[in-house]
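The residues making up each chain are set out below.
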Amino acid sequence: MPPATPDATPTAHQVLDRTVTMPVHIRHATCFVAGFTADATAVSAAIARAGDGTTRLRPLQIRPGRTMCMLVFVDYIDGDLGPYNEFGVCLLVEDPADPPASRLAALRSLAKGDARALIHRLPVDGEFTMAAGRGIWGFPKILADFDVDHDSPTKHGRVSADGRLIVDLTVGKGLPVPDTSGETVLNAYSQLDGILRSTPWRMTATANTRTRIGGASLTLGDHEIAQELRGLKLSRRALMTSSVGHLEMTFGDAQNL
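Residues numbered from 1 in each chain as written. Predicted model: local features only at pLDDT ≥ 70, side-chain atom pairs only at ≥ 80, totals over all residues. Heavy atoms only, no water.

Things to note about the confidence of the model for the chain
Next, step 1: The predicted model of the chain averages 90 in pLDDT, with 88% of residues at 70 or higher.
Next, step 2: In this model residues 1–7 is a low-confidence stretch, pLDDT under 50, and it forms seven contacts with partners more than four residues away in sequence or in other chains. (pLDDT = per-residue confidence, 0-100. Contact = heavy atoms within 4.5 Å.)

Listed below in structure tokens is the structure:
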């Protein structure tokens, strides 16, 4: 989706009692993520179930039979949707308009951090952001309870819903990565009510980023999201982990595919 021209009229959405004008700006967020390999066949089945039995999305296979599942905690501190916490189960997928990617291309996308991702599960702790996420972008947001430490060298996040644990994730301190100020576009997909959507996330600045091989400790609870994660046959150890102390980004309207 191309950026809006200067004289274009921004689109707006009514969410609860507020107006949300596109694009949405995130001026300060912090996050940490752990990437686990997962069984590609199980991931395909999970994607199909979320897509009401049909989908055009294929898992991005980094090696035969294995794809990537990214578990991410985000604290949106200053943004147009207000402050809130979020936990995402993100499944790396291929561009549905292209033929299947080669293993080399898949690994290159993973290394560059520009792989496409299906936002498969998305618990949050705010009523407004849940309504906006579901209504504007088709993100499968549900309400949940969070206990998260983004400030310590070792990051920790615990998320529960309906009194049941989803995940408890700890991410160790990685090696520093240079700050960035250029625009990086990440393509995010969503499936809600049988509609496949694509939303470009434009990351405009990152700071205080650290990354490493491995470095995660994961406990799955008894919530249905945790049970689904068990069914994806995640690797016992994370392939990689990363944390970002400061993140700025924008995202506009979703495009129905």
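A word on the pairing of strand β10 (residues 164–171)
Look at any regular strand and the pattern is simple: side chains alternate between the two faces of the sheet.
Next, step 1: Counting buried positions over the eight residues of β10 gives six, a clear majority of the element.
Next, step 2: One ladder, built from seven bridges, connects strand β9 (residues 155–161) with β10; its direction is antiparallel. Residue Val159 lies in a different strand from β10, and its bridge partner there is Val167.
Next, step 3: Hairpin geometry of β9 and β10 is characterised by an intervening segment of two residues between the two adjacent antiparallel strands and by a positive phi of about 55° at Asp162.
Next, step 4: Here β10 runs beside strand β14 (residues 216–220); their pairing, made up of five bridges, is antiparallel. Each residue of the ladder has a partner; that of Val171, found in β14, is Ala216. (Buried < 20%, exposed > 50% of the residue type's maximum accessible area, 1.4 Å probe, protein only. Helix = DSSP H or I, 4+ residues; strand = E, 2+ residues; numbered from the N terminus. Pairing = 2+ DSSP bridges.)

Some thoughts on helix α4 (residues 224–231)
Next, step 1: For α4, every residue scored as buried is listed here: Ile225, Ala226, Glu228 and Leu229. Across the axial projection of α4, the buried residues extend over an arc of 160°, all falling on one side. (Arc of directions from axis to C-beta.)

Considering the pattern of salt bridges
Next, step 1: In total, this model carries nine salt bridges according to the counting rule given.
Next, step 2: Close ionic contact of Asp95 with Arg116 constitutes a salt bridge, the shortest N to O distance being 3.2 Å. Of this pair, Asp95 sits in the loop between β5 (84–93) and α2 (103–112) while Arg116 sits in strand β6 (residues 116–124), placing them 21 residues apart in sequence.
Next, step 3: Connected through salt bridges with shared partners, the residues Arg27, Asp78 and Asp80 form a single ionic network. (Salt bridge = Lys/Arg side-chain N within 4 Å of Asp/Glu carboxyl O.)

Quick notes on helix α3 (residues 127–137)
Next, step 1: Within α3, the full set of buried residues consists of Phe128, Thr129, Met130, Ala132, Gly133, Ile136 and Trp137.
Next, step 2: Where α3 ends, the next residue or the one after it, Gly138, has phi of about 70°, a positive value.

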